[in-house]
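Chain by chain, the residues run as shown.
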Amino acid sequence: MFKGGQTTSPDVSLPHVTNSHLLSYPNTLNFYERPPLFDVTVEEFETCALDRLRILAEIESSLARNRNWDELSTVTKTQCDKYLPLNSHRSIRFTDLEAERKKDHLSHFVLRLAFCRSEDLRRRFVKSETLLFKVRYEIALTEDREAFLGSRDFNWTIVPSQEQTQLKEDLERAFIGSKSEFERTKYYKVKWTRVPDLVEKRKVFLKGGWAYVPTKEQSSIVFHEFESHLEKTLETTARLLPRLDEDTRLLPILNNISQGFLAGVSSEWAGASGSDNADEIKAEMIDEIARRSFPLCMRMHHEKLRKDKHLKHFGRLEYGLFLKVLGLSIEEAIVFWRKSFSRIEDDKFNKEYKYNIRHSYGLEGKRANYPARSCIQLLAPGSSEHGCPYRNFDEDNLPTTLISVYGPQGLRSSDIREVTDTVKGKHYHVACTRVFELTHASCGVNKGDGIGGGESVTHPNQYAARSMELRKPKESKDAMQVDP
Amino acid sequence: MTEVESPSPEIMLTFYNRLYPFKSIFAWLNHSHKPGRLFTHREFAFTINTSGGEAYLRYNSFNAADELKKQVCTLNPTRFEIGPVYSAKPRDRKTLRPGALQPELRELVFDIDMTDYDPVRTCCSDADICKKCWPFISAAVKVLDRAIREEFGYEKLLWVYSGRRGIHLWISDKAAMELTDIQRKAVVGWLGVVQVGKDSSKKLNVRNAGTLPPSLQAALQELRTVFPALILRNQKLFASEEGYLDLLKCIPDSKMADKLSSKWEDSRGTSEERWEELLGEAKKNQNVWNAIEDVILMYTYPRLDAEVSKHRNHLLKAPFCVHPKTGRVCVPVDPHTVDSFDPSTVPTVGQLLRELDEMGNSNGEETKADWEKTSLKPYIELMNNHVRTVIDVKHEEDMTW
Ligand SMILES: [Zn+2]
């Protein structure tokens, strides 16, 4: 499907659009060697970075989930189209190519600032950016790719035909592919250390420390160059960064971005809005919905509330905002909490709790529309008692809890190992996503589907909304069957 | 082996005091006679005997050869190991900010141990070696020495007998010192053919559409000449039923394999006869011929301890240390004469001290260093010749001006 970029044969008859107006960005591919030198607003600065972050976070999560290259590439392409499209000049879509490429350029540099500060962040950033570049390189138009290769010095030597003839026997022995392919190929000579992946798999001919790289493996040189170039510049940026710290507007934004990446998730899940759910949620439905559709963090709040007939302040706040975004109206919320706090007198409830509930709905005080807590916030230290259970439960507690909570939804004890292994690797959102997949297998969710389109969980409401959506058609069908 | 002795602490101390070539080791690690980071930021680790067993002291570093010698003579370790050059002095580790001590440079090293050959070795097992199985090691030296020089272009190779049953290789070229862990892993991938510890009857998977890559074709040329004496005559690997069945498992023509198997079942053929018979059959079939080449590689290709080579921060025993079990000195080995190298003639530390005693009584050559009077002499000379190639000439010139 995404090979569309290369099979643009119908376009050939279209008038060839000249690139001259795109002089600053002649190509979809970019090695990001020049910093952006245009003015941007703080909003642009942040939003474009968050958009790129979503893509990188999905790449990281694909790695953690052992997706193969085709799967990773498809998922990444989908995310790119959504958040950071880069059309070629031959695209038939009407788009502002300059603006797209500018955004790509800017967002890369903002993230460099956010991710240059620690060795770990740098390593992860380089890895996912390099994969993003690979995906884009593979889907780029041949002409774009060639123009890009010609646009900078990759410091390779094209092996002269005389030398190629001299080495023919060895080159042919080392060549992986058909004879006719070999007859056509050119060779690029680079120090072997620039293509360690090809050397490790014996895909090149080596002589005196030089690797003879055939045309079809040429991209390895490009990818490795991208990677080592980015590694070096990130270290330079890290050394220069203290100067930027003086800009108090940018620092909190950069911190926020890098924190999100550390948690393995991109950003706020903005799509959560109660009005999406056509059916109003009533207070008495929460038990059932919790059982079928809540992520572990919110399910823990719910269980605790039922057991203790109470929740402490941060728990109330987290759970209350979650229920608000889930679609519980203010009236129903008051009913829900009033019934839940069954040991408390009406008078005390009205005085102490009702205000806070109304406040969280933006009906008191500042009247702000408070968003529900995202996974990043739940993963941050010191949220509520348990925060993200995948992160905070111990090795014994987590498996027991998972089985008792999700056993009825199809989670088997043989599945637990996979989940806990992921947790050990600190990929909490991946563990949560996997539990979602396993408990929604009966709705046709397969491994790797995530919460739709391969996306991982980044927000408890996103988890619950998707689950409710999946369970709905089945429920209404059941209802029809019992209806005479 | 006949002479096996575990050296006493007194013997070790005399050895360190009078014979151990600290200056050569220093210059070899430092690439210069004047102390630089290559030496001062280098990790040394000591293994010492304590009342409760062995203790392992890591993150030592020294400013000069004398300092190293002084510490060795104080601690009197049973052996010591050499690690990477760090971004700071390893001994300052506790006062550095976290993460400030990173391995930066390191010789590219290889470790070949005879125990990894146990599946294809009938003469000895575990720690023992003899004249019948040492050729596995000499074959490994020849194959790797050629590959590393011709394919990777490195020149400053030092082969060192490990004192018992294996051999180490240290590569000191600047470009090799600078390799990242990812690049080291790539070298191991390139050179590694037989997976150590994996099922030895598993087929190799090294061909592109039936063709061996040039690097392995070259290795095969060498190993072809080693195979008859080593595998057929010394090890007699196909004389037993178990042995020839393992061989026939590698033959892709099951009809041919069955035919040979039933023929060999009742006969008392030697390994050589059976191998000849197999070759006779195989000449008719290119696939089988390829499989036979693979068999030669499988049985004789160097078995590498990958973990040692893959990480810059891996420690490896220093040359000229004494093997604590055998008492033999870990001497350098000349790859050109590795075929005639006989581990049982390598001097033991006890022997060396006896030589010193005898010489000491006879009159004379007072100007000579102690080591020159012992059978350690040719080995230290070999080391010093190597050191001369490692010394960075340009660097030295800068130093003198
Ligand atoms: Zn033996």
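Remember, predicted model here, so these are calculated numbers, not experimental data. (Residues numbered from 1 in each chain as written. Chains lettered and ligands numbered in written order. Predicted model: local features only at pLDDT ≥ 70, side-chain atom pairs only at ≥ 80, totals over all residues. Heavy atoms only, no water.)

Chemist: Whenever I open this one, the sheet that holds strand E2 (residues 187-191) of chain A confuses me. Can you help?
Modeler: Hydrogen bonds between backbone atoms are what pair the strands of a sheet, whose relative direction is either parallel or antiparallel. Residues and elements named next belong to chain A. Pairing in this open sheet of four strands is antiparallel, and the strands run E1-E2-E4-E3 from one edge to the other. Either end of the sheet is taken by a strand with one partner, and the two such strands are strand E1 (157-158) and strand E3 (205-207). Sheet topology places E3 next to strand E4 (residues 210-214); three bridges connect them, and they run antiparallel. The residue bridging Lys207 from the neighbouring strand is Trp210, located in E4. (Pairing = 2+ DSSP bridges. Helix = DSSP H or I, 4+ residues; strand = E, 2+ residues; numbered from the N terminus.)

Chemist: Sorry if this is basic, but what is going on with the interface of chain B and chain A here?
Modeler: Many structure descriptions define interface size as the accessible area lost when the parts assemble. Counting residues at the interface gives 24 residues for chain B, matched by 17 residues for chain A. Carbon and sulfur atoms supply 59% of the area buried between chain B and chain A, which totals about 1,700 Å² over both sides. If you sort the residues of chain B by the area they bury against chain A, B:Trp190, B:Asn208 and B:Pro214 come out on top, with a joint share of 34%. Of the charged contacts, one joins B:Lys185 and A:Glu200 as a salt bridge, the two residues approaching to 3.2 Å between their closest N and O atoms. On the surface where chain B and chain A come into contact, there are twelve residue pairs in polar contact (both at pLDDT 80 or more). If you tally residues by element for the side of chain B that touches chain A, the top one is helix H7 (residues 181-191) of chain B, at seven residues. Of the residues belonging to the side of chain B that touches chain A, the class tally is 13 nonpolar, eight polar and three charged. (Contact = heavy atoms within 4.5 Å. Buried area = accessible area lost by both parts, 1.4 Å probe. Salt bridge = Lys/Arg side-chain N within 4 Å of Asp/Glu carboxyl O. Polar contact = N/O pair within 3.5 Å; in protein donor to acceptor, adjacent residues only side chain to side chain. Nonpolar A, V, L, I, M, F, W, Y, C, P; charged D, E, K, R; others polar.)

Chemist: Sorry if this is basic, but what is going on with the coordination of the zinc ion here?
Modeler: Residues and elements named next belong to chain B. Within the first shell, the zinc ion binds the protein through Cys123 (SG), Cys124 (SG), Cys130 (SG) and Cys133 (SG), at distances of 2.1 to 2.3 Å. Coordination geometry of the zinc ion: the four donor atoms subtend angles of 100 to 117° at the metal centre, consistent with an arrangement described as tetrahedral. Relative accessible area serves as the criterion here: at 30%, Cys123 is assigned to the partly exposed category. (Donors = N, O, S within 2.8 Å, 3.2 Å for Na, K, Ca; no water. Tetrahedral: all angles 85-135°; square planar, octahedral: opposite > 155°, others 65-115°. Buried < 20%, exposed > 50% of the residue type's maximum accessible area, 1.4 Å probe, protein only.)

Chemist: What's the story with the domain arrangement of chain B in this structure? I'm lost.
Modeler: If you check the domain split of chain B, you get domain 1 (9-108 + 156-189 + 305-333 + 340-398) and domain 2 (193-300). Taking only C-alpha atoms, the centre of domain 1 of chain B and the centre of domain 2 of chain B are 40 Å apart. (Domains from an automatic or database assignment.)

Chemist: Would you take a moment to explain the packing of helix H4 (residues 119-139) of chain A against helix H5 (residues 142-151) of chain A for this structure?
Modeler: Residues and elements named next belong to chain A. Two elements in contact, H4 and H5, have axes separated by 8 Å at closest approach and are oriented at 120°. Of the possible angle classes, the one that applies to H4 and H5 is oblique. Contacts from Phe133, Tyr137 and Glu138 of H4 reach H5 at Arg145, Phe148 and Leu149. Of the residues in the contact of H4 with H5, the class split is four nonpolar, no polar and two charged. (Axes fitted to C-alpha atoms, helices over the stretch in contact; angles between N-to-C directions. Parallel < 35°, antiparallel > 145°, perpendicular 65-115°, else oblique.)

Chemist: It is not clear to me how the packing of aromatic side chains should be interpreted in this structure. Could you clarify?
Modeler: Here the distance between the centres and the angle between the planes together describe a pair of aromatic rings. Counting across every chain of the model gives 51 aromatic pairs over all chains. Ring geometry for A:Tyr32 and A:Phe226: centres 6.4 Å apart, planes at 70°, overall edge-to-face. Residue A:Tyr32 is located in the segment before helix H1 (42-64), and its partner A:Phe226 is located in helix H10 (residues 218-240); the two are separated by 194 residues in the primary sequence. The pair formed by A:Tyr32 and A:Phe226 is uniform in burial state, with each residue classed as buried. Linked through ring pairs, A:Phe31, A:Tyr32, A:Phe133, A:Tyr137, A:Phe148, A:Phe154, A:Trp156, A:Tyr188, A:Phe223 and A:Phe226 together constitute an aromatic cluster. Residue placement shows A:Arg112 over the ring face of A:Phe109; its charged tip is 4.3 Å from the ring centre. For B:Arg58, the ring lying beneath its charged end belongs to B:Tyr59, and the centroid distance is 4.5 Å. (Phe/Tyr/Trp six-rings, centres within 6.5 Å; stacked < 30°, edge-to-face > 60°. Lys NZ or Arg CZ within 6 Å of the ring centre and 35° of its normal.)

Chemist: How should I be thinking about the UniProt feature "binding site: [4Fe-4S] cluster" (unreviewed entry) in chain A in this particular structure?
Modeler: All names here are of chain A. UniProt feature "binding site: [4Fe-4S] cluster" (unreviewed entry): in the numbering of this structure it lies at Cys297, Cys375, Cys388 and Cys432. Spatial clustering of the annotated residues is evident: they stretch over 136 residues in sequence, but the largest pairwise C-alpha distance comes to 10.4 Å. Checking the annotated residues one by one, the ones that line the largest cavity turn out to be Cys297, Cys375, Cys388 and Cys432. Inspection of the secondary structure assignment puts Cys297 in helix H13 (residues 296-308). Take Cys297: its relative accessible area is 9%, and that puts it in the buried class. The residues contacting Cys297, other than those within four sequence positions of it, are Leu378, His386, Gly387, Pro389 and Pro460. Looking at the element boundaries, Cys375 is found in helix H17 (residues 375-379). According to the relative accessible area criterion, Cys375 is buried, its value standing at 13%. (UniProt positions renumbered as here; feature names shortened; annotations may be inferred. 1 Å grid on protein atoms, 1.4 Å probe; cavity = no way out; pocket = protein on both sides within 12 Å on 5 of 7 lines; lining within 4 Å.)

Chemist: I'm lost on the pattern of salt bridges in this one. Help?
Modeler: Side-chain pairs of opposite charge can arise where the charged atoms are in close proximity. Residue and element names in this part refer to chain A. Considering all chains together, one arrives at 59 salt bridges over all chains under this definition. Here Glu58 makes a salt bridge to Arg67, at a shortest N to O gap of 3.7 Å. Judged by its relative accessible area of 7%, Glu58 is buried. You can call Arg67 buried: its relative accessible area is 11%. Glu455 is the partner of Lys82 in a salt bridge, and the nearest nitrogen-oxygen pair spans 2.9 Å. With Lys82 in helix H2 (residues 69-83) and Glu455 in the loop between helix H21 (428-439) and helix H22 (460-482), the pair connects residues that are 373 residues apart, well separated along the chain. Accessibility expressed as a relative area gives 19% for Glu455, which makes it buried. What emerges from the salt-bridge pattern is a single network uniting Glu33, Arg152, Arg194 and Glu225.

Chemist: So what exactly am I meant to see when it comes to the packing of helix H12 (residues 286-293) of chain A against H13(A) here?
Modeler: Axes are the key here: two packed helices are described by the angle between their axes and the distance separating the axes. Residue and element names in this part refer to chain A. Two numbers describe how H12 lies on H13: the axes approach to 10 Å, and their chain directions differ by 140°. Taken together, the axis directions place H12 and H13 in an arrangement best described as oblique. The element H12 and its partner H13 pack so that their crossing is left-handed. Taking contact as the criterion, the partners of Ile286, Asp287, Ala290 and Arg291 in H12 are, on H13, Arg299, His302 and Arg306. Per-class residue counts for the contact of H12 with H13 are two nonpolar, one polar and four charged. (Left-handed = near helix turned anticlockwise from the far one by under 90°.)

Chemist: Explain the side chain of A:Thr237 to me, please; I cannot follow it from the model alone.
Modeler: Mapped onto the elements of the fold, A:Thr237 is located in helix H10. In contact with A:Thr237, not counting residues within four places along its chain, are A:Leu113 and A:Cys116.

Chemist: It is not clear to me how the domain arrangement of chain A should be interpreted in this structure. Could you clarify?
Modeler: Residues and elements named next belong to chain A. As assigned here, chain A comprises domain 1 (3-150 + 225-263), domain 2 (157-220) and domain 3 (283-482). Listed as interface residues are eleven residues of domain 1 and, on the opposing side, 14 residues of domain 3. Both sides of the domain 1 and domain 3 interface together cover about 910 Å² of buried area, and 50% of this is carbon and sulfur. Across the domain 1-domain 3 interface, the total number found is one salt bridge. Looking at the side of domain 1 that touches domain 3, the elements with two or more residues in it are H1, H2 and helix H11 (250-262).

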